[in-house]
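Take a look at the letters that make up each chain.
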Amino acid sequence: MSQLFSGYDLAGLQLDNRIVMAPMTRSRAVNTVPDSETALYYQQRAGAGLIVSEGSQISRQGVGYLFTPGIHAPEQIEGWKKVTQAVHDANGRIFCQIWHVGRISHVTLQEDGAAPASSSAKTAEGTLSFAYNQEGKPDYMQASQPRALDIEEIAGVVQDFARAGANAIAAGFDGIEIHGANGYLIEQFINAGVNTRDDAYGGATIESRLRFVLEVVDAVAAKIGSQRVGIRLAPLNRIFDMPAFEQERETWLELARLLSSKNLAYVHISNRAAIIASPNGRAFLEQFRQTYKGTLVLAGEYTKEQAEQDLDANLADLIAFGRPYISNPDLAERLQNDWPLTEPDRSTFYGGTNVGYTDYVTYDVTAES
Ligand SMILES: Cc1cc2nc3c(=O)[nH]c(=O)nc-3n(C[C@H](O)[C@H](O)[C@H](O)COP(=O)(O)O)c2cc1C
């Protein structure tokens, strides 16, 4: 039998299969609170071995897009309870992705029109936030110039992550995933091209640029237990204006080495396809796999065939699917039975109604000719 459909013990949490639903922002949380439609959306997808929720901001400062849910206020925790209950009722498992966008934000989203917070004052050129335009209407806006967090403020942001982790557990999640990928705040500290600080959290040394992410991991683990904590990373990422930098591969491998001793639920790499496409990318992924001694999840343009290949080659333990999960709520079952997949409609990825959200149907076997 294919490994993809065999169970997996994720730090004591039994998963029915090795298929993960990747975190996907759907921007349907008016007032930042998940509602019953969100609960239905996730419940429909509970056949995944593990669901990782869409990114949920840890604080008001951490928001970068309108209509994304939060995990810092009581009403948000109440909203998420409906979601976790619905998923558990369907025998699913769900982690909450906790998120601070850093510089990928806009002054109209920040308290009193403040500049977004980052590791440095470098703007993410050519990168959009979903905020308000000059007429006060929701619109895609160039991310504003950020300000560098003062060294005294950093501990507060670390605590925001820890509190969000505790809130997620209070909301009934099985664990949390720290969003350290895709050019957001944590990566803004790791990347030497963005992090131009000259204090203990930046500068030339790998150790100082990894200080923030490691403090976040330790603080969340101290609050909820390391076995309930996963982290998502995007090594060699170039989206959202993240430049190449010296000792880049060494930086990521050092992080993999240091995370190995943290006894986490997993490390999740979001950009497998992009890494593979980079020079010696496959070798780098293999090195990462050898260096990180725990459960590894890979995501990025997976098909069933590629997923099985990578599991067979022991490149990963679990495989995450993103876009296919938008339009195939029963993806695991479809893959297992080799049923055809429905293509997602990109125009309804973000925002709007239940159209393109909860109206994708499960495969109808009786309709087969
Ligand atoms: C609509 C959409 C929203 C996404 N939102 C998030 C997010 O909130 N957090 C995250 O880490 N990745 C996010 N991603 C990236 C996905 O988790 C995944 O890594 C990516 O889509 C590649 O997997 P795929 O090729 O199977 O879609 C998003 C992707 C899409 C298409």
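Everything numeric here is computed off the predicted structure, so don't read it as measured data. (Residues numbered from 1 in each chain as written. Predicted model: local features only at pLDDT ≥ 70, side-chain atom pairs only at ≥ 80, totals over all residues. Heavy atoms only, no water.)

Peer 1: Now, about the overall build of the protein: what can you tell me, with residues and values included?
Peer 2: When you go through the protein residue by residue, the secondary structure sums to 12 helices and 14 strands. Relative to its length of 369 residues, the protein is compact, with a C-alpha radius of gyration of 20 Å against a globular reference of 21 Å. If you line up the protein on its principal axes, its C-alpha atoms span 65 × 50 × 35 Å. For the protein, with 369 residues in total, the buried portion stands at 57%. A sequence separation of at least 24 residues applies to 72% of the contacts in the protein between residues at least 6 apart. Carbon and sulfur atoms make up 49% of the accessible area of the protein, which totals about 14,600 Å². Positive and negative side-chain charges of the protein, numbering 31 and 45 respectively, have mean locations separated by a distance of 2 Å. (Helix = DSSP H or I, 4+ residues; strand = E, 2+ residues; numbered from the N terminus. Rg over C-alpha atoms; globule rule 2.2 N^0.38 Å. Buried < 20%, exposed > 50% of the residue type's maximum accessible area, 1.4 Å probe, protein only. Contact = heavy atoms within 4.5 Å. Areas by Shrake-Rupley, 256 points an atom, 1.4 Å probe, with all protein chains shown as cover. Lys, Arg positive; Asp, Glu negative; His and termini not counted. Charge placed at Lys NZ, Arg CZ, Asp CG, Glu CD.)

Peer 1: Tell me about the site of the ligand, residues and numbers included.
Peer 2: Residues in contact with the ligand amount to 18 residues; listed here are only the nearest, Pro23, Thr25, Arg232, Glu301 and Arg323. Between the ligand and Asn182 there is a distance of 3.5 Å, counted from a nitrogen atom to a side-chain nitrogen or oxygen. Interatomic distance of 2.7 Å between a backbone N/O atom of Glu301 and an oxygen atom of the ligand. In the complex, the protein chains occlude 88% of the 610 Å² of accessible area that the ligand would expose alone. Grouping the amino acids of the shell around the ligand by side-chain chemistry returns seven nonpolar, eight polar and three charged. (Near = heavy atom within 4 Å. Polar contact = N/O pair within 3.5 Å; in protein donor to acceptor, adjacent residues only side chain to side chain. Nonpolar A, V, L, I, M, F, W, Y, C, P; charged D, E, K, R; others polar.)

Peer 1: An account of the environment of Asp330 is needed here, citing residue identities and associated values.
Peer 2: Looking at the element boundaries, Asp330 is found in the loop between α11 (323-327) and α12 (331-337). Taking the C-alpha atoms as reference, Asp330 lies 22 Å from His268; in sequence the two are 62 residues apart. In this structure Asp330 touches Val361, Thr362 and Tyr363, once residues within four positions along its chain are discounted.

Peer 1: A description of the packing of helix α3 (residues 151-170) against helix α6 (residues 211-224) should follow, citing residues and the corresponding values.
Peer 2: Interhelical geometry of α3 versus α6 gives an angle of 35° and a closest axis separation of 8 Å. Regarding α3 and α6, the two cross each other, and that crossing is right-handed. For the pair α3 and α6, the contacting residues are Ile154, Val157, Val158, Gln159, Phe161, Ala162, Gly165, Ala166 and Ile169 in the first and Phe212, Glu215, Val216, Ala219, Val220, Lys223 and Ile224 in the second. For the contact of α3 with α6, the residue count by class is 12 nonpolar, two polar and two charged. (Axes fitted to C-alpha atoms, helices over the stretch in contact; angles between N-to-C directions. Left-handed = near helix turned anticlockwise from the far one by under 90°.)

Peer 1: Break down the pairing of strand β14 (residues 318-321) for me, citing the residues and quoting the values.
Peer 2: In regular strands, side chains alternate between the two faces of the sheet. The two faces of β14 match: Leu318 and Ala320 on one face and Ile319 and Phe321 on the other face are all buried. Sheet analysis places strand β3 (residues 19-21) next to β14, joined by three bridges and oriented parallel. Across the sheet, the residue bridging to Met21 is Phe321, located in β14. Following the chain from strand β13 (residues 296-299) across helix α10 (residues 304-312) to the adjacent parallel β14, one finds a crossover that is right-handed. (Pairing = 2+ DSSP bridges. Right-handed = clockwise from strand over helix to strand, strands pointing away.)

Peer 1: Got a sec to walk through the pattern of salt bridges? Specific residues and values, please.
Peer 2: Applying the stated criterion across every chain yields a total of 13 salt bridges. With a closest N to O distance of 4.0 Å, Asp310 and Arg282 form a salt bridge. Linking Asp310 in helix α10 with Arg282 in helix α9 (residues 281-291), this pair joins segments that are 28 residues apart in sequence. Given the relative accessible area of 35%, Arg282 is considered partly exposed. Among the charged side chains, a salt-bridge network with shared partners connects Arg282, Glu286 and Asp310. (Salt bridge = Lys/Arg side-chain N within 4 Å of Asp/Glu carboxyl O.)

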